[in-house]
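# Reading the structure
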Amino acid sequence: INILAIESSCDETSAALISNGKVLNNIIATQSVHEKYGGVVPELASRAHQQHLIPTVHAALEEQGLRPKDLNAIAFTKGPGLLGSLLVGVSFAKAMAYALDLPLIEVNHMQAHILAHFIEEPRPAFPFLCLTVSGGHTQLVHVRGYFDMEIIGQTQDDAVGEAFDKTAKLLGLPYPGGPLIDRHAAAGNPHAYAFPITEMPGYDFSFSGIKTAVLYFLRDQMQADATFISRELANICASVQYTLVEMLLRKVRKAARELGLRQVAIAGGVSANSGLRAALEQEAEKRGWSLFIPKFEYCTDNAAMIAMAAHYKYLEGDFVGMDVVPEARMKF
Ligand code: ATP
Ligand code: MG
Ligand code: FE
């Protein structure tokens, strides 16, 4: 069984092939047009998907020596994401499935981020706790089965990736700044500056307060000394990163304890963060958790995770009709 999967929810155009549950490849075309705007421009993203999608799908098939008639199903990201971007992927998938008379499989992007854990060994066993941290989401999920997932906590405002990116912007770093904060933080002292830790009820998060705190902190420091940011960049990055990681960690610890879960996984682009990885590794060691962190390629947006989700849906015979439409705020 060969399935072609397409991902186009944000600013990455991606195509992947999966054969009998084994991911064969994962072709990703990253859009660079957004860099100079300091964030993703939706209209430009849709246009870039239109330009990149056919060459990306072609490359995936070509690389494996497969032809369209070797496929058994076409899978695509239905949501959540930017509507225009999703529309390009959904329309393409529908057209291809129609032309080849193949079944269509819709995939929820946030479930796929979690199912990225099943692409390679070691795979977590159900039930497990997953912290999904990305540019648009921060969710704590109780995962009981491939599609039996419950969001037990989430951000009430900004996503943690957004907090990283907005902090980076205040520091004059290019978009997306999360990885740059991570890099500079490595050379800094995480306790050089103290930023407020926002406590939300239950398992929820809030990351808008820290952004404001950083904004005022930098404004005051720069007024006193205009070289502050360039001089203290590593310490600022390390301190902000420490605070963001600590906020995530507190809820993971609380949920693991209260739900009695000893397998903890992280998913989404921010799971690439070395501060978060190190803190979770330490926590896992201390509490006897098994910790699961996907390969970096499968943390950020990619079609391999869509393919993995599609594989399990294919086994269940979970297909959709030609009347399917994208859903920007899709829930699960
Ligand atoms: P969503 O999946 O919610 O729709 P998205 O697709 O934009 O959002 P991802 O591609 O999964 O999200 O992740 C991108 C985010 O991850 C960006 O905010 C980026 O700054 C952040 N990120 C990537 N690497 C790191 C890192 N090493 N440290 C901190 N943040 C990082
Ligand atoms: Mg992205
Ligand atoms: Fe994503």
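Here the residue numbering is sequential within each chain, running from 1 through the sequence in written order. Going through the entries in the order they are written, you letter the chains from A and number the ligands from 1. With the structure being a predicted model, the display of local features is reserved for residues of pLDDT at least 70 and the display and counting of side-chain atom pairs for 80 or more, all residues being used for whole-chain, interface and lining totals.

If you look the protein up in an unreviewed UniProt entry, it shows as tRNA N6-adenosine threonylcarbamoyltransferase from Nitritalea halalkaliphila LW7. UniProt positions are given in the numbering used here, feature names are shortened, and annotations may be inferred rather than shown by experiment. Regarding the protein, the relevant UniProt record gives this comment under Catalytic activity (unreviewed entry): "L-threonylcarbamoyladenylate + adenosine(37) in tRNA = N(6)-L-threonylcarbamoyladenosine(37) in tRNA + AMP + H(+)". Comment text from UniProt for the protein, heading Subcellular location (unreviewed entry), reads "Cytoplasm".

## A closer look at the sheet that holds strand β1 (residues 2-7)
Here we have five strands laid out as an open sheet, ordered β3-β2-β1-β4-β5, and mixed in their pairing. Unpaired on one side and paired on the other, β3 (22-30) and β5 (104-108) mark the two borders of the sheet. Strand after strand, the sheet turns through a mean of 20° between neighbouring axes, direction not considered. Strands are labelled as partners when DSSP assigns at least two bridges between them. By the criteria applied, helices consist of DSSP H or I runs no shorter than four residues and strands consist of E runs no shorter than two, each listed in order from the N terminus. Bridge count for β1 against strand β4 (residues 73-79) is four bridges, and the pairing is parallel. Along β4, the bridge assignment pairs I6 with F76. In this description, any two residues whose backbone-derived C-beta atoms lie within 7 Å of each other are considered to be in contact. Here, axes are lines fitted to C-alpha atoms. For helices the fit covers the stretch in contact, and angles between N-to-C directions go from 0 to 180 degrees. Strands β1, β2 (12-19) and β3 of the sheet are contacted by helix α1 (residues 42-64), whose axis makes an angle of about 25° with β2. Contacting β1, β2, β3, β4 and β5, helix α9 (residues 304-316) crosses the sheet at an angle of about 135° to β1.

## Brief notes about the pairing of strand β7 (residues 138-145)
Two elements, strand β6 (residues 128-133) and β7, share six bridges in a ladder whose sense is antiparallel. Among the inter-strand pairings, C130 is bridged to a residue of β7, identified as V141. In this antiparallel pair of consecutive strands, β6 and β7, the connection spans four residues. With six bridges connecting them, β7 and strand β8 (residues 148-154) associate as antiparallel partners. From the neighbouring strand, Q139 faces β8, where its bridge partner is Q154. Remark: two residues form the turn of the hairpin made by β7 and β8, two consecutive strands paired antiparallel.

## Quick look at the site of ligand 1
Using a C-beta atom placed from the backbone, a residue is described as near a molecule or strand when that atom lies within 6 Å of it. What surrounds ligand 1 is a group of 22 residues, the closest being G135, G136, G161, G178 and G269. Contributing elements (two or more residues each) for the shell around ligand 1: α4 (160-170) and α5 (178-185). In this classification, Asp, Glu, Lys and Arg are treated as charged, Ala, Val, Leu, Ile, Met, Phe, Trp, Tyr, Cys and Pro as nonpolar, and every other residue, Gly included, as polar. For the shell around ligand 1, the residue count by class is six nonpolar, 13 polar and three charged.

## Side note on the UniProt feature "binding site: Fe cation" (unreviewed entry) in the protein
The feature "binding site: Fe cation" (unreviewed entry), as given by UniProt, occupies H109, H113 and D301 in the numbering adopted here. On the basis of their most widely separated C-alpha atoms, the annotated residues across 193 residues gather in one place, lying no more than 8.7 Å apart. In this structure, H113 sits in helix α3 (residues 109-115). Whether a residue is buried, exposed or partly exposed follows from its count of other C-beta atoms within 10 Å of its own C-beta, namely 20 or more, 12 or fewer, or something in between, respectively; the C-beta atoms are built from the backbone. For H113, a count of 30 C-beta atoms within 10 Å gives the class buried. For H113, the contacting residues outside a window of four places in its chain are T132, S134, A267, G268 and M305. The residues contacting D301, other than those within four sequence positions of it, are E7, S9, C10, E12 and S14.

## Quick notes on the packing of α4 against helix α7 (residues 228-259)
The N-to-C vectors of α4 and α7 enclose an angle of 170°; their axes lie 11 Å apart at closest approach. Classified by the angle their axes make, α4 and α7 are roughly antiparallel. Between α4 and α7, the residues in contact are V160, A163, F164 and T167 and V240, L244 and L248, respectively. Taken together, the residues of the contact of α4 with α7 break down into six nonpolar, one polar and no charged. Working definition: roughly parallel below 35 degrees, roughly antiparallel above 145 degrees, roughly perpendicular at 65 to 115 degrees, and oblique for all remaining angles.

## Here we look at the sheet that holds β6
Pairing between sheet strands relies on hydrogen bonds along the backbone, with the strands arranged either parallel or antiparallel. With mixed pairing, five strands are arranged side by side in an open sheet as β8-β7-β6-β9-β10. The open sheet has two free edges, formed respectively by β8 and β10 (290-292), since each of these has just one partner strand. Strand after strand, the sheet turns through a mean of 25° between neighbouring axes, direction not considered. Docked against the sheet, α7 engages β6, β7, β8 and β9 (263-267), running at close to 160° with respect to β6.

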